[in-house]
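Chain residues, written in single-letter form:
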Amino acid sequence: MTEEFGLFIDGVWSTPPDARRFTTINPATGEAVGSFVSGTAADVDRAVAAAVREFPTWRDTPAPRRGDLLLEVARRMKERKPELGRTVTQEMGKVIAEGLGDVQESIDFIEYMAGEGRRLFGETVPSELRSKFCLTVRQPKGVVACITPWNFPTAIPNWKIAAALITGNTVVFKPASNTARCAAEVVRLYEAAGLPHGVLNLVTGSGGVVGNALVANPRVRTVSFTGGVETGRDVYVRGAQGLKMVHLELGGKNPVLLMEDADLPLALDGVLFGAFGTSGQRCTATSRLIVHEKVYDAFLDLLTARLERFPVGDPLNPATGMGPVASADQERKILDYIEVGKREARLRYGGHKLTGGAYDRGFFLEPTIFETTHGTRISKEEIFGPVLSVIKVGGYEEAVRVANDVDYGLSSSIYTRDVNRAFRAIHDLEAGITYVNAPTIGAEVQLPFGGVKNTGNGGREAGSAAIEEFSEIKTVFVDFSAKLQKAQIDEAPIA
Ligand code: UN1
């Protein structure tokens, strides 16, 4: 029997009468993973009401105590890491090492945020007047909505939830529907750690119903959304109506610049991991390989030779290099792009759905490489799958021009042994993240994460930047002179 989950509202798991349900599917086997409630606007209202009611108590809980609670969540998550990692793999399809990595990223971030409970730094600055004290303090925003994707089904929710909670907000969490089990398991851990009722609420269901109701709710002050550009734009526009703070983490078309002086075996490992890790379904995935003509043929030969022995299959088997893609929708979209690629570029490797035996039960695609010129659709649009566009260039300047000529700017990477060129690339690449001699994926949680151009609207998640996302700054002036002092007037410089 498929386990049934309710909504988690005000500390109680329950299924509303007449609720409709949906089932999540293991993309490697077609088996059901869990059954979930399709939440309604009324469910969102109840969840927001609980979060509103509980907000003053949670806000006034000392931040270090909020941190203790997060540490307890992290402790429980460590205990359950093997099982949770399996759930990630079973529901989303990434290979087990990455399923465990997803959970580890959650643990790392929750612990990092627990420490923030003893920081939440403000500023203290001098006053232009005597006997006057100027400082800032951080205050929570209120009720925040966390709307998350399926590709990091525990890590991205925790990036948002832990940061929102440590800063004193209460949360309504709407996860991607195809990884609702992972979301429910995450929420169970917060519940088990003793989070007060109403502080974290889970409403599963569609973006069109649950997501829109959250964004429209006047009592939701901040919306943190990670997902595709189209939905992100829609969330932004709807949120603007309510003058909400909308934080967006959207797509990428992340390049690796492979220079003629690169360590090729090192770059080979990096490109394979960056392009085909998580079946290419990361916002940070390497989707473009921009190669200096002097090493182009040699590197492509190395790459295709390695792919010949790159096992695609059961993601629970530790020997597997790449699992399935996450859903039938994903598979269709990627195969459509592969067809586009076949028309406009040269297919160098892969390009097919894998069939026969266990493959027939899941959504397995070959890792795929196209040789293309810059400007084709596959070289500019986000595919979000195991499809790498390789582009030949004559030198560094051209490589940077090509790298920057896309609508996105999340991650980027350069492989070179020339330290001057590496630093130039850090300066030149239009991206929120630049790696030197490392793949475009694998950001660490204690640093800001986000991008430029259509990747977002200017904010950053993770690291201390996450505190900015979820807090308001209050500016405080304390005048202890016991008289009226006038700024800009009393101590104005002599002209
Ligand atoms: C994402 O794909 O949206 O840097 C997040 C990385 C991971 C996070 C990716 N730590 O690849």
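Heads up: the structure comes first, above all this text.
Residues numbered from 1 in each chain as written. Predicted model: local features only at pLDDT ≥ 70, side-chain atom pairs only at ≥ 80, totals over all residues. Heavy atoms only, no water.

S.K.: Help me out: how do you make sense of the side chain of Lys 253 in this one?
M.R.: Its location among the elements puts Lys 253 in the loop between β11 (245-249) and β12 (254-258). The side chain of Lys 253 sits in the buried core without any salt bridge; Glu 381 is the nearest counter-charge, 8.1 Å away. At 2.7 Å, the side chain of Lys 253 and the backbone oxygen of Glu 381 are in polar contact. Apart from the residues lying within four places of it in its own chain, the contact partners of Lys 253 are Ser 287, Arg 288, Ile 378, Ser 379, Lys 380, Glu 381, Glu 382, Ile 383, Val 406 and Tyr 408. (Helix = DSSP H or I, 4+ residues; strand = E, 2+ residues; numbered from the N terminus. Buried < 20%, exposed > 50% of the residue type's maximum accessible area, 1.4 Å probe, protein only. Lys, Arg positive; Asp, Glu negative; His and termini not counted. Salt bridge = Lys/Arg side-chain N within 4 Å of Asp/Glu carboxyl O. Polar contact = N/O pair within 3.5 Å; in protein donor to acceptor, adjacent residues only side chain to side chain. Contact = heavy atoms within 4.5 Å.)

S.K.: Would you mind showing me how to read the layout of surface pockets here?
M.R.: To find leftover empty space, a probe the size of one water molecule is rolled over the atoms. In this structure, the largest pocket spans a volume of roughly 1,200 Å³. What lines the largest pocket is a set of 48 residues, and nearest its centre among them are Trp 150, Gly 227, Gly 228, Thr 231 and Gln 330. Only β3 (21-25), α7 (207-216), β10 (220-226), α8 (229-241) and α11 (328-344) provide two or more residues apiece to the lining of the largest pocket. Top element by residues in the lining of the largest pocket is α8. It accounts for six residues. Residues of the lining of the largest pocket, tallied by class, amount to 18 nonpolar, 20 polar and 10 charged. A domain split of the lining of the largest pocket shows at least three residues from each of domain 1 (7-250 + 456-476) and domain 2 (254-436). Every residue lining the second largest pocket is counted, 20 residues in all, and those nearest its centre are Glu 105, Phe 152, Arg 282, Gly 442 and Ala 443. Broken down by secondary-structure element, the contributors of at least two residues to the lining of the second largest pocket are α4 (96-116) and α5 (155-166). (1 Å grid on protein atoms, 1.4 Å probe; cavity = no way out; pocket = protein on both sides within 12 Å on 5 of 7 lines; lining within 4 Å. Points joined across faces, edges and corners; volume = space filled by probe spheres on them. Nonpolar A, V, L, I, M, F, W, Y, C, P; charged D, E, K, R; others polar. Domains from an automatic or database assignment.)

S.K.: Help me understand the nonpolar core in this model?
M.R.: The tendency in soluble globular proteins is for nonpolar side chains to be buried side by side. Leu 70, Phe 109, Met 113, Leu 165, Val 171, Phe 173 and Tyr 190 are the most contacted members of the largest nonpolar core, which has 62 residues in total. With nine residues, α5 is the single largest residue contributor to this core. Counting residues domain by domain, this core receives three or more from each of domain 1 (7-250 + 456-476) and domain 2 (254-436). Once residues within four sequence positions are removed from consideration, Phe 173 is found in contact with Cys 146, Thr 148, Pro 157, Ile 161, Ala 183, Val 187, Leu 200, Asn 201, Leu 202 and Val 203. Within the second largest apolar cluster, 29 residues are counted, among which are Ala 267, Leu 268, Phe 299 and Val 312. (Core = buried A, V, L, I, M, F, W, Y, C linked by side-chain atoms within 4.5 Å.)

S.K.: I keep staring at a nonpolar patch on the surface and nothing clicks. Help me out?
M.R.: On the surface, a cluster of nonpolar side chains totalling about 370 Å² of accessible area is made up of Val 419, Phe 423, Ile 426 and Val 436. When residues of the nonpolar patch are assigned to their parent elements, the largest contribution, three residues, is made by helix α14 (residues 419-428). When you line up the elements, Val 419 lands in helix α14. (Patch = residues over 30% accessible without salt bridge, like charges linked within 9 Å, V, L, I, M, F, W, Y side chains within 5 Å. Areas by Shrake-Rupley, 256 points an atom, 1.4 Å probe, with all protein chains shown as cover.)

S.K.: I would appreciate a short explanation of the packing of aromatic side chains in the present structure.
M.R.: For the structure on display, the rule yields seven aromatic pairs. Taken together, a centroid distance of 5.1 Å and an interplanar angle of 15 degrees make the contact between Phe 5 and Phe 36 stacked. Pair noted here: Phe 5 is in the segment before β1 (7-9) and Phe 36 is in strand β4 (residues 32-37), with a separation of 31 residues, a long-range link. With centroids separated by 5.8 Å and ring planes inclined at 35 degrees, the aromatic side chains of Phe 22 and Phe 36 adopt a geometry described as tilted. Taken together, the residues span a long stretch of sequence, with Phe 22 in strand β3 and Phe 36 in strand β4 at a distance of 14 residues. (Phe/Tyr/Trp six-rings, centres within 6.5 Å; stacked < 30°, edge-to-face > 60°.)

S.K.: Whenever I open this one, the sheet that holds strand β13 (residues 286-292) confuses me. Can you help?
M.R.: Working definition: the strands of a sheet are paired by backbone hydrogen bonds and lie parallel or antiparallel to each other. Read from one edge of the open sheet, seven strands run β14-β15-β16-β13-β12-β18-β19, paired in mixed fashion. Taken across any chain shown, the strands that pair with only one partner, and hence form the sheet edges, are β14 (346-349) and β19 (433-436). Averaged over all neighbouring strand pairs, the angle between strand axes comes to 25 degrees, with direction disregarded. In the sheet, β12 pairs with β13 via five bridges, with the strands oriented parallel. Along β13, the bridge assignment pairs Val 256 with Leu 289. Sitting on the sheet, α11 is in contact with β14, β15 (368-371) and β16 (387-393), with an inclination near 30 degrees to β15. (Pairing = 2+ DSSP bridges. Axes fitted to C-alpha atoms, helices over the stretch in contact; angles between N-to-C directions.)

S.K.: What is the right way to look at empty space enclosed by the protein in this model?
M.R.: Counted by the stated rule, this structure contains two cavities of 30 Å³ or more. Space inside the largest cavity adds up to approximately 80 Å³. The residue inventory of the lining of the largest cavity, partitioned by class, reads six nonpolar, seven polar and two charged. Of the voids in this model, the second largest cavity is the one considered here, and its volume is about 60 Å³. Taken together, 15 residues line the second largest cavity, and the ones lying closest to its centre are Pro 255, Tyr 408, Gly 409, Ser 411 and Glu 430. Within the lining of the second largest cavity, the residues separate by chemical class into seven nonpolar, five polar and three charged.

S.K.: For this particular structure, what's the right way to read the site of the ligand?
M.R.: The ligand sits among Glu 105, Asn 151, Phe 152, Ile 156, Arg 282, Cys 283, Thr 284, Ile 441, Gly 442, Ala 443 and Phe 449. Here Gly 442 contributes a backbone N or O atom positioned 3.0 Å from an oxygen atom of the ligand. For the ligand, the accessible surface in isolation is 320 Å², of which the surrounding protein chains cover 99%. A breakdown of the residues in the shell around the ligand according to their chemical character gives six nonpolar, three polar and two charged. Taken domain by domain, the shell around the ligand gets at least three of its residues from each of domain 1 (7-250 + 456-476) and domain 2 (254-436). (Near = heavy atom within 4 Å.)

S.K.: Honestly, the packing of helix α13 (residues 396-404) against α14 in this entry has me stumped. Any pointers?
M.R.: Packed helices, taken two at a time, are described by their axes: the angle between them and the distance between them. The N-to-C vectors of α13 and α14 enclose an angle of 25 degrees; their axes lie 11 Å apart at closest approach. Between α13 and α14, the crossing angle belongs to the class labelled roughly parallel. Between α13 and α14 lies a crossing whose hand is right-handed. Counting all contacts with α13, which are made through Tyr 396, Glu 397, Val 400 and Asn 404, the residues of α14 involved are Arg 421, Arg 424, Ala 425 and Asp 428. In terms of residue class, the contact of α13 with α14 is made up of three nonpolar, one polar and four charged. (Parallel < 35°, antiparallel > 145°, perpendicular 65-115°, else oblique. Left-handed = near helix turned anticlockwise from the far one by under 90°.)

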